[in-house]
Amino acid sequence: QVRLVVPVAVVFSPGSVPGDLPRPLPFRDVQEMEIPVNVRSSVTSCYEMRYRSTTAQEEAALAAATAREADAALHPLQDSTLGSLTMYVLPETSSLLPQGTNVYVGKHRSALLRAGGSVATLQARLREVAQLMSFTASAVAAALSDRVPDGRLSPDTRRSLKSSLGYEITFSLLNPDPKSHTVDWDIEGAVNRYVKPVLDKLSLVANFSVDSQILYYAVLGVTPRYDKESSSFLLSAHSLPHVINPVEARLGSSAASLYPVLNFLLYVPERSHSPLYIQDKDGAPVSTNAFHSPRWGGIMVYNVEAPASPQASLPLHVDVDMARVMEVFLAQLRLLFGLSREEVPPEFLLESPGNEGLADWELDHLLWAHTVENIATVSTTLTSLAQLLDKIGNIVIKDDVASEVYRAVASVQSAVTKLSLGHLHAAFQASKEAVTSSERAFFDPSLLHLLYFPDDQKFAIYIPLFLPMAVPILLSLAKIVRESRLRRKEPTKMD
């Protein structure tokens, strides 16, 4: 049974304290909620609210002109521990939040929200913001998707990647018509400028490696439909799944990889199929001209402008606008990690994370989900190992395998304890160690079930060998027994 504890500091600015507050400040309150997983198990979420008034420094920071400036000024003054949240409650008349906005979520671990008049309204708002910035019931269900009944999960919950100790990201440029197009892309510069800040932030979650490749004469494998009205070629939504398999056969990146591979493909259409546009299910063109595949990656079609004069010499030189391409790929990367911002109420204003690609609280969101998923993975792995050992009675457990099992159990117990104390970073590290140890034990070469045979197989193998040798031995034994019986029956001679 896992208990997720989120420390939340609720800070009241002058004039924002509701009149029906049950106790004088400061005081503590705990809000618990049960998140059912399946018939047998559930996860308990617990928000430890610590209510207090603002300090002089926080009041000065809240006097800023805009919410963004206030968030930047408050950042050094608040608890920056992973998994902790700080909520600043403002009076209803505060001009810091724009009209029609009740909640401003910054790019760190804090939010600004209007008091709402009564304690009930404030607590409901606090709970909603805390769930958004830490984990929701759907996020926990997605992390435990292997254990949740199918009917309770939406298709989107299976879109994000499974937790792993590392990921490999491959950027591929597909040029099917090199006779017509010479394509240049500054992938190294784009990765350093756009991707590296995001991966530096995500380095807490897992290890990342990035590589790139250019593939020539690599076609999509689906013939696009020509549209006379727009004089362009169209790829419909139902044909997109058929695009990936022919292309994936050429990529070759996942063959020798220990970790999940994320593929981001930039496709420059051949001249005979240009321009090429992707349609959604309703037949409307997709604004980004890209699509993504859950747990696999994404493909973007990059159209080349036709030359002004038909006599232009081939191949045409194409310089790829990497800012436009990386904007799409980073959005797809967020989707693959389950960081979409679709379910936000209209009165919520979320600050853009900027160059870092994800806010501090979004990183915490990932860590919560991956920690829970790691604990479930270790539980499943060790249970499978125990069942294997029960089935094979004569299996030999080496000392190093036993120590890995003990280490995995100790680490997962430590992770559960740390979660119940609200120590997210320590819990995540312990869950990673537990996964590593359990995988080492489960995949140890000495535990291959093929090394150990059931008794019926042993008899089937050894009877043909021993039966021919056993026949003369058994006949000889029978002859000896018969002779000894005859000897007993013979009368003994008396002198």
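Criteria and thresholds
Residues numbered from 1 in each chain as written. Predicted model: local features only at pLDDT ≥ 70, side-chain atom pairs only at ≥ 80, totals over all residues. Heavy atoms only, no water. Helix = DSSP H or I, 4+ residues; strand = E, 2+ residues; numbered from the N terminus. Rg over C-alpha atoms; globule rule 2.2 N^0.38 Å. Buried < 20%, exposed > 50% of the residue type's maximum accessible area, 1.4 Å probe, protein only. Patch = residues over 30% accessible without salt bridge, like charges linked within 9 Å, V, L, I, M, F, W, Y side chains within 5 Å. Areas by Shrake-Rupley, 256 points an atom, 1.4 Å probe, with all protein chains shown as cover. Salt bridge = Lys/Arg side-chain N within 4 Å of Asp/Glu carboxyl O. Pairing = 2+ DSSP bridges. Phe/Tyr/Trp six-rings, centres within 6.5 Å; stacked < 30°, edge-to-face > 60°. Core = buried A, V, L, I, M, F, W, Y, C linked by side-chain atoms within 4.5 Å. Contact = heavy atoms within 4.5 Å. Axes fitted to C-alpha atoms, helices over the stretch in contact; angles between N-to-C directions. UniProt positions renumbered as here; feature names shortened; annotations may be inferred. Domains from an automatic or database assignment. Polar contact = N/O pair within 3.5 Å; in protein donor to acceptor, adjacent residues only side chain to side chain.

(A) Seen up close, the overall build of the protein chain. Of regular secondary structure, the protein chain possesses 11 helices and 17 strands. Rg of the C-alpha trace for the protein chain: 33 Å, well past the compact-globule value of 23 Å for 495 residues, more than 25% over. With the C-alpha coordinates aligned to their principal axes, the bounding extent of the protein chain is approximately 135 × 80 × 35 Å. When burial is assessed residue by residue, the protein chain has 46% of its 495 residues classed as buried.

(B) Just a nonpolar patch on the surface, in detail. Nonpolar side chains collect at one region of the surface, where Phe 459, Ile 463, Leu 467, Val 471 and Leu 475 lie side by side and expose about 520 Å² of accessible area between them. Note that Leu 475 resides in helix H11 (residues 455-489). What makes Leu 475 exposed here is its relative accessible area of 58%.

(C) Layout of the pairing of strand E16 (residues 316-319). The two faces of E16 differ: Leu 316 and Val 318 on one face are buried, but His 317 and Asp 319 on the other face are not. As judged from the 4 bridges shared by strand E8 (residues 181-184) and E16, these two strands associate in the parallel manner. Pairing of Val 183 across the sheet is with Val 318, part of E16.

(D) Spotlight on the pattern of salt bridges. The full count for this structure, using the stated rule, is 11 salt bridges. Asp 360 serves as the salt-bridge partner of Lys 201, at 2.9 Å between the closest nitrogen and oxygen. In this pair, Lys 201 is assigned in helix H5 (residues 187-202) and Asp 360 in helix H8 (residues 360-391), connecting sequence segments 159 residues apart. No difference in accessibility class separates Lys 201 from Asp 360, as the two residues are buried. For Glu 362, the salt bridge is made with Arg 334, and the minimal N-O distance between the two is 2.7 Å.

(E) Fine view of the packing of aromatic side chains. Within this structure, the stated rule accounts for 13 aromatic pairs. Between Tyr 167 and Phe 337, the ring centres sit 5.2 Å apart and the planes meet at 80 degrees, which makes this aromatic pair edge-to-face. One end of the pair, Tyr 167, is in strand E7 (residues 166-175); the other, Phe 337, is in the loop between helix H7 (322-336) and strand E17 (348-350), with 170 residues separating them in the sequence. For the pair formed by Tyr 167 and Phe 337, the shared burial category is buried. Members of the aromatic cluster, connected to one another through ring pairs, are Phe 12, Phe 27 and Tyr 51.

(F) Highlighting the nonpolar core. With 95 residues, the main nonpolar core has Leu 4, Met 87, Phe 171, Leu 202, Leu 266 and Phe 337 as its most contacted residues. Tallying contributions element by element places H8 first for this core, with 10 residues. Not counting chain neighbours up to four residues away, the residues in contact with Met 87 comprise Val 8, Ala 9, Val 10, Val 11, Ala 111, Leu 113, Leu 126, Val 129, Ala 130 and Met 133. Counting residues in hydrophobic clusters, the runner-up holds 20 residues, among them Ala 218, Leu 251, Phe 291 and Val 301.

(G) The sheet that holds strand E12 (residues 261-267), seen in detail. Strand order in the open sheet formed by 5 strands is E9-E7-E12-E15-E14, and the pairing between neighbours is mixed. With one partner strand each, in any of the chains shown, strand E9 (207-216) and strand E14 (290-293) form the two edges of the open sheet. Between one strand and the next, the sheet's axes are offset by a mean angle of 15 degrees, whatever the strand orientation. Judged from the 4 bridges that link them, E14 and strand E15 (residues 297-301) form a sheet pairing that is antiparallel. Within E15, the position partnered with Ser 293 by the bridge is Gly 297.

(H) Focus on the UniProt feature "transmembrane region" (unreviewed entry) in the protein chain. According to UniProt, the "transmembrane region" (unreviewed entry) feature falls on residues 459-481. The distance from the first to the last C-alpha atom of residues 459-481 is 28 Å, and the span holds 100% helix and 0% strand.

(I) Structural detail: the domain arrangement of the protein chain. As assigned here, the protein chain comprises domain 1 (2-144 + 344-350), domain 2 (166-337), domain 3 (360-451) and domain 4 (454-490). A straight line from the C-alpha centre of domain 1 to that of domain 2 covers 40 Å.

(J) The arrangement of the pairing of strand E11 (residues 232-235) in detail. What you see with E11 is no split at all: Ser 232 and Leu 234 on one side and Phe 233 and Leu 235 on the other are buried throughout. Note that E11 and strand E13 (residues 276-278) share 3 bridges and pair parallel. By the bridge assignment for E13, Leu 235 is matched with Ile 278.

(K) Up close: the sheet that holds E11. What the 3 strands build is an open sheet, ordered E10-E11-E13; its pairing is mixed. Of all the strands in the sheet, the pair left with one neighbour each is strand E10 (225-227) and E13. The mean inter-strand angle of the sheet, taken between neighbouring strand axes irrespective of direction, is 40 degrees. Both E10 and E11 contribute to a ladder of 3 bridges, which runs antiparallel. Note that in E11 the partner of Asp 227 across the bridge is Ser 232.

(L) Up close: the environment of Asp 444. By secondary structure assignment, the location of Asp 444 is in the loop between helix H10 (424-442) and H11. Those residues in contact with Asp 444 that lie beyond four places of it in its chain are Asp 400 and Val 401. A distance of 2.5 Å separates the side chain of Asp 444 from the side chain of Ser 446, its partner in a polar contact.

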